[in-house]
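Remarks on the overall topology
Below, each chain spelled out in residue letters.
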Amino acid sequence: VAGLGALRPGYAYNISGTTEVLGAVGLEPVEAEGLLTVDWRGLWQIGGPSQNGADTVSWLLSLLAREGADQGSTGQRIDALLTGRRHPQPLIFLPYLQGERVPYWNPALRGAILGLGRQHGATDLAYAVLEGVAFLNRIVLERAEAALGAPVGEIRFGGGAAANPVWSQIKADICGRPVVVGASKEPGLLGAAIVAWTGLGRFTSLAEAQEALVRPARRFTPEPERRPAYDALFSLYRRSEAALAPLSADLATLSRSAGALPGIHAAPLTASKD
């Protein structure tokens, strides 16, 4: 977080690797339903880890049979999907493929794709996955900001997924906050250096060290024209969560009580003797 320049009051951070961590930083301890409050020696973070992130993208690529070393990296493959034409009717993706930690702490939650039509394709699924994770970011951020009593100024975004400019813009548009990606490719190492140099007295505070050493590379500002559509889609996302959570629990119960359904292996067809 220090290496992103977000270890300061009024900032939020989003570290996105296999899974994501999102939180906001303030001067006082506050609480919000489903979020973790952690003392960072005079600063307080409120937020926590999710159960999804770039791994959700990897799942989509494998589902579409686009997993393979000869097709480039995960980033290159998702970039290729995003260049396609998008259908006017968006899809809703609930990203709870492995249950969820923050803010629900519910291992029985399951994912879903809603709104599929015959004309939807791989590009629509790719956008839905990126937006679904960003909608969860918004839920966590809204709870954190409500607890802090003020909106954050910006979200500092780091980790492997931060290399994708489309996802950065989607997060900015959905969360309604600027998303800033740092120039350092290793913010963890930079953060360790910031803490060490401050401890050695080279800087008078962590805030001063971050101001001096963290260099923003790109800033993604929310696009006002996309806000109404994303607000409407977010409302549908929340309704979908509420409607499908009980079904997730019933499916989890069914798997325990009735056992797994076996696959059906039909016998091969044989030629008739007649």
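Quick caveat: nothing in here was measured; it's all calculated off a predicted structure. (Residues numbered from 1 in each chain as written. Predicted model: local features only at pLDDT ≥ 70, side-chain atom pairs only at ≥ 80, totals over all residues. Heavy atoms only, no water.)

1. Remarks on the environment of glycine 153
Short version of the rule: What counts as a helix is a DSSP run of H or I of at least four residues, what counts as a strand is a run of E of at least two, and both are numbered from the N terminus. To sort residues, take the accessible area from a 1.4 Å probe on protein chains only and compare it with the maximum for the residue type: under 20% means buried, over 50% means exposed, and anything in between is partly exposed. The contact definition used throughout considers only heavy atoms, calling two residues in contact when any of these lie within 4.5 Å.
Within the secondary structure, glycine 153 is located in the loop between helix H3 (122-148) and strand S7 (154-158). You can call glycine 153 partly exposed: its relative accessible area is 47%. The spacing of glycine 153 and valine 179 is 26 residues in sequence and 9.6 Å in space, taken between C-alpha atoms. Setting aside residues no more than four positions away along its own chain, glycine 153 makes contact with Gly10 and Pro178.

2. Focus: the nonpolar core
Rule in force here: Within this scheme, the nonpolar core is defined by two criteria: the residues are buried Ala, Val, Leu, Ile, Met, Phe, Trp, Tyr or Cys, and they are joined through side-chain atoms within 4.5 Å.
Ile170 and Tyr237 are the most contacted members of the largest nonpolar core, which has 52 residues in total. Here the element with the most residues in this core is H3; it accounts for 14 residues.

3. Observations regarding a nonpolar patch on the surface
We count it as follows: Two joining distances apply to patches: 9 Å for like charges and 5 Å for nonpolar side chains (Val, Leu, Ile, Met, Phe, Trp, Tyr), and every residue must have over 30% relative accessible area and no salt bridge. Residue exposure ignores everything except the shown protein chains as possible cover, and the areas themselves are Shrake-Rupley values with a 1.4 Å probe. In what follows, salt bridge is the name for a side-chain nitrogen of Lys or Arg lying within 4 Å of a carboxyl oxygen of Asp or Glu.
Nonpolar side chains collect at one region of the surface, where Leu36, Val38 and Trp105 lie side by side and expose about 250 Å² of accessible area between them. When you line up the elements, leucine 36 lands in strand S3 (residues 36-40). Using a relative accessible area of 37% as the deciding quantity, one classes leucine 36 as partly exposed.

4. Focus on the packing of aromatic side chains
Definition in use: Aromatic rings from Phe, Tyr and Trp, with only the six-membered ring used for Trp, were paired whenever their centres fell within 6.5 Å, and each pair was classed as stacked if the ring planes differed by under 30 degrees, edge-to-face if by over 60, and tilted otherwise. As a reminder, the over-ring test applies to NZ of lysine and CZ of arginine, requiring each to be within 6 Å of the ring centre and within 35 degrees of the ring normal.
Inspection of the entire model under this criterion finds six aromatic pairs. For the pair tyrosine 96 and tyrosine 104, a centre-to-centre distance of 6.0 Å together with 85 degrees between the ring planes defines the contact as edge-to-face. Through a chain of ring-to-ring contacts, the aromatic side chains of Phe135, Tyr230, Phe234 and Tyr237 assemble into a single cluster. The lysine or arginine in question, arginine 138, covers the ring of phenylalanine 234, its NZ or CZ lying 4.1 Å from the ring centre. Positioned over the ring face of tryptophan 197 is arginine 202, at 4.6 Å from the centre of the ring.

5. Structural notes on the pattern of salt bridges
Here the structure, examined in full by the defined rule, presents eleven salt bridges. Among the ionic pairs, arginine 86 bridges to glutamate 131, the shortest N-O distance being 2.8 Å. Placement of the pair is arginine 86 in the loop between helix H2 (74-82) and strand S5 (92-94) and glutamate 131 in helix H3, with a sequence separation of 45 residues. We classify glutamate 131 as buried; its relative accessible area is 1%. With its nearest N and O atoms 2.8 Å apart, the salt bridge here joins glutamate 154 to arginine 219. Of this pair, glutamate 154 sits in strand S7 while arginine 219 sits in strand S9 (residues 216-220), and the two are 65 residues apart along the sequence.

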